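# Descriptive structure summary
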Amino acid sequence: MPAARGRAVGTAPGPDLAALLAEVAKGDQAAFEAVYDRVAAPVFGTVRSVVRDPSLSEEVTQEVFVEVWRAASRFDAGKGSPMAWVATIAHRRAVDRVRSEQRSADVAETVEDNLDRERVRRCLRTLTDLQREAVTLAYYGGYTYREVANLLRVPAGTVNTRMRDGLIRLRDCLGVGR
């Protein structure tokens, strides 16, 4: 069946999207429902392509429509099509959500790293002074066993024993291998 003149195949008849947004700006709920019906699928598609997670995509899509409801009065047909305006809101919200999720993941990773460092510090305090000194020079100072021995003015075998015993105590304290 041929498309109606001036209307693409598959679009719903009735007021154009710009006119509907003008009515939404006045608080017209029926106009908002019509806008929703026309743009929900492409909005969800835009959001889903950025966010990827289906449930998060649904949340972001809902946020997009809340913003469309609140900001409809800011739509300016002279600056672009109504679909482009809604798609821009959708894309911006989706990108914001992805960035927010990444920041949350980064914060969680930072907290975990800090906790790990604190556990290592706590376990280092369980070593003897001699073990802690040898382990610290080797692992944090980057010195070889032989260099540690020279710095501490003890035989390399002594450093080797201190390091082995210290690392065993650290492993046990940290629960590695359990």
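Positions within a chain are numbered from 1, following the residues in the order the chain's sequence is written. Residue-level local features of this predicted model are given only where pLDDT is at least 70; pairs of side-chain atoms are given and counted only at 80 or more, and the full residue set underlies all totals for whole chains, interfaces and linings. Just so you know, side-chain values use all the structure's heavy atoms and leave hydrogens and water out.

## Focus: the overall build of the chain
Within the chain, the regular secondary structure consists of 7 helices and 0 strands. Secondary structure elements are defined from DSSP: runs of H or I of at least 4 residues count as helices, runs of E of at least 2 residues count as strands, and each element is numbered from the N terminus. Helices and strands in the chain line up, N terminus first, as α-α-α-α-α-α-α. Every radius of gyration here is taken over C-alpha atoms, with the globule rule written as 2.2 Å times N^0.38, N being the number of residues. For the chain, the C-alpha radius of gyration of 31 Å lies well beyond 16 Å, the compact-globule estimate for 178 residues. With the C-alpha coordinates of the chain rotated into their principal frame, the extents come out at 95 × 35 × 35 Å. Each residue is placed in one exposure class: buried if its accessible area under a 1.4 Å probe, protein chains only, is under 20% of its type's maximum, exposed if it is over 50%, and partly exposed if it falls in between. When each of the 178 residues of the chain is scored for burial, the buried share is 25%. Residue pairs at least 24 apart in sequence account for 55% of intrachain contacts in the chain once pairs closer than 6 positions are excluded. Total accessible area computed for the chain in this model is approximately 11,800 Å², and 52% of it derives from carbon and sulfur atoms. The average position of the 27 basic charges and that of the 24 acidic charges among the side chains of the chain differ by 6 Å. Contacts are residue-level and defined by heavy atoms, with any inter-residue pair within 4.5 Å sufficient. The method behind every accessible area is Shrake-Rupley, applied with a 1.4 Å probe, and residues are considered shielded solely by the protein chains displayed. For this count, His and the chain ends are skipped, Lys and Arg are scored as positive, and Asp and Glu as negative. In this description, the location of a charge corresponds to atom NZ of lysine, CZ of arginine, CG of aspartate or CD of glutamate.

## Comments concerning the packing of aromatic side chains
Between 30 and 60 degrees the pair is tilted, below 30 it is stacked and above 60 it is edge-to-face, where a pair is any two Phe, Tyr or Trp rings, Trp via its six-membered ring, whose centres lie within 6.5 Å. A complete count under the given rule lists 4 aromatic pairs for this structure. Ring centres of Phe32 and Trp69 lie 5.3 Å apart, and the angle between their planes is 80°; on these two criteria the pair is classed as edge-to-face. Of this pair, Phe32 sits in helix 2 (residues 29-51) while Trp69 sits in helix 3 (residues 54-71), and the two are 37 residues apart along the sequence. A relative accessible area of 18% places Phe32 in the buried class. Note on Trp69: relative accessible area 32%, which makes it partly exposed. A ring pair is formed by Tyr36 and Phe65, whose centres lie 4.7 Å apart and whose planes are at 55°; its orientation type is tilted. A residue pair is termed long-range when its members are at least 10 positions apart, and Tyr36 in helix 2 and Phe65 in helix 3 qualify at 29 residues. A relative accessible area of 5% places Phe65 in the buried class. An aromatic cluster is built from Phe32, Tyr36, Phe65 and Trp69, whose rings are joined through pairwise contacts.

## Re the confidence of the model for the chain
Residue-level confidence of the predictor is summarised by pLDDT, bounded by 0 at the bottom and 100 at the top. Mean pLDDT over the chain works out to 89, with 91% of the residues at or above the 70 mark. Low pLDDT, under 50, characterises residues 1-12; the stretch is placed with 5 contacts to residues that sit more than four places away or in other chains.

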